[in-house]
Amino acid sequence: MASGSGPVSALWTEINRCGQNGDFTRALKAVNKILHENKDDVTALHCKIVCLIQNGGFKEALNVMNTHTKSLTSDMIGFEKAYCEYRLNRVEHALKTIQGIPEQTDKLKELERYDECLAVYKDMIRNSQDDYEEERKTNLSAVLAAQSTWESTSADLGLPESSYELCYNAACFLIGQGQLSQGMQKLQKAEELCRKSLAEDSDVTEEDVDAELAIIHSQMAYVMQLQGRTEDALQLYNQVIKLKPSDVGLLAVTANNIITINKDQNVFDSKKKVKLTSAEGVEHKLATKQLQAIEINKALLAMYTNQADQCNKMLASLQTQNPGHPRPVLIKVAQLCREKQHNKAIELLQRFSDQHPESASGIKLTMAQLYLTQACDILKSIEEIKYKPGMLSALVTMYTHEEDIDSAIDVFTQAIQYYQSEQPGSAIHLSLVREAANCKLKYGRKKEATSDLEQLWKQNTNDVHTLAQLISAYSLVDQDKAKALSKHLPSPDTMSFNVDVDELENSHGATYIRKKAAKVLFIFLCSGKLPKNYDPKSTPDPERWLPMRERSYYRGKKKGKRKEQVGRGTQGATSGASAELDASKSASSPPTSPRPGSGTGTATATSNAVPPRQQKPAAAGATRKKAPQKKKKGGKGGW
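About the criteria used
Residue numbers here run from 1 along each chain, matching the order of that chain's written sequence. Owing to the predicted nature of the model, reporting of local features is limited to residues with pLDDT of at least 70; listing and counting of side-chain atom pairs is limited to 80 or more, with chain, interface and lining totals taken over all residues. Neither water nor hydrogens contribute to the side-chain values; these are computed over all heavy atoms in the structure. The helix count covers DSSP runs of H or I at least four residues long, the strand count covers runs of E at least two residues long, and both are numbered beginning at the N terminus. Throughout this description, buried means an accessible area under 20% of the type-specific maximum (1.4 Å probe, protein chains only), exposed means over 50%, and partly exposed covers the range between. For helices, the fitted line uses only the C-alpha atoms of the stretch in contact; every axis is such a line through C-alpha atoms, and the angle between N-to-C directions lies from 0 to 180 degrees. Here roughly perpendicular refers to angles of 65 to 115 degrees, roughly parallel to angles under 35, roughly antiparallel to angles over 145, and oblique to all remaining angles. We call two residues contacting when some pair of their heavy atoms lies within 4.5 Å. Classes in brief: Ala, Val, Leu, Ile, Met, Phe, Trp, Tyr, Cys and Pro nonpolar; Asp, Glu, Lys and Arg charged; the others, Gly included, polar. Each salt bridge in this description consists of a side-chain nitrogen of Lys or Arg and a carboxyl oxygen of Asp or Glu lying within 4 Å of one another. Given the number of residues in a helix, its expected span is that number minus one, multiplied by 1.5 Å. Pairing of aromatic rings covers Phe, Tyr and the six-membered ring of Trp, with a centre-to-centre limit of 6.5 Å; geometry is then stacked below 30 degrees between planes, edge-to-face above 60, and tilted otherwise. Using protein atoms alone on a 1 Å grid, points that fit a 1.4 Å probe yet trap it form a cavity, whereas open point sets bounded by protein on both sides within 12 Å along at least five of seven lines form a pocket; residues with an atom within 4 Å of a point count as lining. Grid points are joined across faces, edges and corners, and a volume is the space filled by probe spheres set on the points. UniProt positions are given in the numbering used here, feature names are shortened, and annotations may be inferred rather than shown by experiment. The patch calculation keeps residues exceeding 30% relative accessible area without a salt bridge and links them within 9 Å when they carry like charges or within 5 Å when they are nonpolar (Val, Leu, Ile, Met, Phe, Trp, Tyr). Under the convention used here, a 1.4 Å probe and the Shrake-Rupley method define accessible areas, while residue burial counts only the protein chains that appear. A positive count includes Lys and Arg, and a negative count includes Asp and Glu. His and the chain ends are not counted in either. Every charge is mapped onto a representative atom, which is NZ of Lys, CZ of Arg, CG of Asp or CD of Glu. Crossing handedness is read from the near helix: turned anticlockwise from the far helix by less than a right angle, it gives a left-handed crossing, and turned clockwise, a right-handed one. Residues belong to a common nonpolar core when they are buried Ala, Val, Leu, Ile, Met, Phe, Trp, Tyr or Cys residues joined through side-chain atoms within 4.5 Å.

A look at the overall build of the chain
- In terms of regular secondary structure, the chain is built from 29 helices and 0 strands.
- Per-residue burial for the chain yields a buried fraction of 34% across its 639 residues.

What follows is the structure, given as structure tokens:
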């Protein structure tokens, strides 16, 4: 009898029912009650292991097996033990467990190595007749995709793409082959099949669909990243992260790829994302090469954030795990170079090249790059010619090529100091100051460039070009200083401009403006708002764009004369009796084009809104006294 739960037979009935319903948590509780009465019940122990595996408790299941080795023989729980080891990424242990089992069943064969899996799966699919054919084909396609990603293979077995899993694996195979466009098409097809498949289940929510599609979307983002579409990739990666999928392996890979896009920029975001790559259980979900890539990126991030000790610890661990991998050595070399220890870096590369000749080609190229840096140091040590223009040019060129801008600027600084003491104000001295300023401006060092530009301007205060550069540099670092210096700029009247007006109008900027104006005119004409007295042969008023008060022919208001009462029409329109008072109708009026305020030609080109006065016109016989209309200020009219 089981305490408090009825007879043992009732517990077994409950375990059987829970197993059929997939409720392994409840089944585990019933199994534990049976084991409480009989801790060596082999059947109960086996059921407990199965329940733990179904719930993802692989470590707990292994503990049960290792604790009851006398009761649970290898032929009884060999598959479960190998599967737990496999899921915990203990691949070699899993293989040994399989090889130690006398009878090799079909389910044991499915746990072999990747390079042997293809033959095994082909044989099983050809000779097996059960309900797992679709799953085996899916696994076979996964093996092909893995081989295409991590190894060199071109095998295409022509597997069907009847499910989104098969279609997704086919896409991964193409991506591994470098066929990115075709891979993206397959991923889009997989997404379509996934949506269609899940739509048939009424219990599936939109959140469930998004969660299922997360792995497909992450792979799409990976393709975009390979294609150089980093902004699109980053956006899609972040969408996957926001979904918070339960698959810690997917989260880790997605976060890792975001870090690779960020590189040495946006370090704060990378430090947040790197936590996802260290979540519990990640090591059981990813392949060894994936885990290795993540650890390498962690070391790089530590280097970029100046955590030298942490970086060195990670690199030491990586080298211990895989002594022949060149990446940890190259990162260590980069760390040494950041610390200006080039000799140690070269010694490390030479030692690694001697020990691992298979990686010597890439290592020696890095050594050549470091020797180039050493060459710069040697050139700088030649006192007789170190400040000659040719030597300075060579050093700056080599340093900028190596993206060592600090060293390039330091070359200029030392040379300027030398000529400042030996030949102050000489042509070569001022030329070096000019080149130093240009170099600093080119690489965004505007604050550092201000001192050089000031020195040049003081030598020649009539040099407007240098003054403009100086003001531009100060505008980003000291706006007050920029304003003070701008007072020294000559007025436009004193400057001689040799400007070709026709060329200016035909330039890109002017063309763009004129196209914009033409667009406004086009809308205006289509709206049927041309003035009644518009004459296509007449020259438009050249001052039509100015407010009325700023036009040369504006005479101001005439006091003491009250205009007739405003009737129907838009604001500013007058009755026909006032037409003879309209200055635009007289012969002395300069332009013939209608002006803003004349009633019929002032509608805004891009708006079809009806003015309020036109919505509700005043009655002709209204006796209520109207307030004098306030004259509308001149604005931008259409013509």
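That was the structure; now back to the text.
Focus on the packing of helix H10 (residues 164-176) against helix H11 (residues 180-199)
- Where H10 contacts H11, the axes come no closer than 8 Å and their chain directions differ by 170°. Classified by the angle between their axes, H10 and H11 sit roughly antiparallel to one another. Seen from H10, the contacting residues are Tyr164, Cys167, Tyr168, Ala171, Leu174 and Ile175; seen from H11, they are Leu180, Gln182, Gly183, Lys186, Leu187, Lys189, Ala190, Leu193, Cys194 and Ser197.
- Considered class by class, the residues forming the contact of H10 with H11 number 11 nonpolar, 3 polar and 2 charged.

So, the pattern of salt bridges
- Tallying each qualifying case throughout the model produces 10 salt bridges.
- Arginine 445 is paired through a salt bridge with glutamate 448; the nearest N and O atoms lie 3.6 Å apart.
- Overall, arginine 445 belongs to the partly exposed group, its relative accessible area being 22%.
- One connected set of salt bridges, linked through shared partners, spans Glu191, Arg195 and Glu206.

A few points about helix H16 (residues 288-304)
- With 17 residues, H16 ought to run about 24 Å at 1.5 Å a step, and its terminal C-alpha atoms sit 25 Å apart, in line with that.
- Residues of H16 that are buried include every one of Gln292, Ile294, Ile296, Asn297, Lys298, Ala299, Leu301, Ala302 and Met303, and no others.
- Looking at the packing, one finds that the buried side of H16 touches helix H14 (248-262), helix H15 (267-273), helix H17 (308-321) and helix H18 (326-338).
- Note on H16: the residue one or two positions beyond its end, asparagine 306, has a positive phi of about 60°.

A short note on the packing of aromatic side chains
- Counted by the stated rule, this structure contains 4 aromatic pairs.
- Consider the rings of phenylalanine 79 and tyrosine 83, whose centres lie 6.1 Å apart with planes at 20°: the pair is stacked. Placement of the pair is phenylalanine 79 and tyrosine 83 together in helix H5 (residues 74-87), with a separation of 4 residues, close to one helical turn.
- Each residue in the set Phe58, Phe79 and Tyr83 is aromatic and connected to the rest through ring pairs, giving one cluster.

Points about empty space enclosed by the protein
- One pass over the structure, following the stated rule, counts 2 cavities of 30 Å³ or more.
- In this structure, the largest cavity spans a volume of roughly 70 Å³.
- Taken together, Lys380, Lys386, Tyr387, Leu392, Leu395, Asp410, Val411 and Gln414 make up the full set of residues lining the largest cavity.
- Secondary-structure elements contributing two or more residues to the lining of the largest cavity are helix H21 (389-401) and helix H22 (405-422).
- Per-element accounting of the lining of the largest cavity gives the leading share, 3 residues, to H22.
- A per-class count over the lining of the largest cavity returns 4 nonpolar, 1 polar and 3 charged.

Some points on the UniProt feature "repeat: TPR" (unreviewed entry) in the chain
- UniProt feature "repeat: TPR" (unreviewed entry): in the numbering of this structure it lies at residues 214-247.
- As annotated, residues 214-247 comprises 79% helix and 0% strand, and the C-alpha atoms at either end are separated by 10 Å.

Some thoughts on unusual backbone geometry
- For asparagine 266, which is not glycine, the phi dihedral falls at a positive 50°.
- Among the secondary structure elements, asparagine 266 is positioned in the loop between H14 and H15.

With respect to a negative patch on the surface
- A cluster of acidic residues, Glu165, Glu200, Asp201, Asp203, Glu207, Asp208 and Glu212, forms a negative patch on the protein surface.
- For the negative patch, the leading source of residues is helix H12 (residues 206-226), giving 3 residues.
- Looking at the secondary structure, you find glutamate 207 in helix H12.
- Among the residues examined, glutamate 207 registers a relative accessible area of 57% and is labelled exposed.

A few points about helix H13 (residues 230-243)
- Taking 1.5 Å per residue as the helical rise, H13 with its 14 residues ought to reach 20 Å, and the 20 Å between its terminal C-alpha atoms agrees with that figure.
- Within the sequence span of H13, burial applies to Ala233, Leu234, Leu236, Tyr237, Val240 and Ile241.

Some remarks on the packing of helix H3 (residues 42-54) against helix H4 (residues 58-67)
- At a minimum axis separation of 8 Å, H3 and H4 run at an interaxial angle of 160°. Accordingly, the angle class assigned to the pair H3 and H4 is roughly antiparallel. Here H3 runs over H4; the crossing is left-handed. Within the contact between the two elements, H3 uses Leu45, Lys48, Ile49, Leu52 and Ile53 and H4 uses Phe58, Glu60, Ala61, Val64 and Met65.
- Tallied by class, residues from the contact of H3 with H4 come to 8 nonpolar, no polar and 2 charged.

Side note on the side chain of asparagine 257
- Secondary-structure assignment places asparagine 257 in helix H14.
- Given a relative accessible area of 11%, asparagine 257 falls into the buried group.
- Beyond its immediate stretch of four places on either side in the chain, asparagine 257 contacts Tyr222, Gln225 and Tyr237.

Re the nonpolar core
- Ranked by size, the top nonpolar core spans 28 residues in total, and within it Leu187 and Ile216 carry the most contacts.
- Within the residue set of this core, elements represented by two or more residues are H10, H11, H12, H13 and H14.
- Among the elements that line this core, the one with the most residues is H12, at 7 residues.
- Core analysis: the next-biggest nonpolar cluster, separate from the first, contains 25 residues, Leu11, Phe58, Val64 and Ile77 among them.

Considerations on the environment of glutamate 60
- Residue position: glutamate 60 is located in helix H4.
- According to the relative accessible area criterion, glutamate 60 is partly exposed, its value standing at 42%.
- Spatially, the C-alpha atoms of glutamate 60 and lysine 48 are 9.8 Å apart, while their sequence positions differ by 12 residues.

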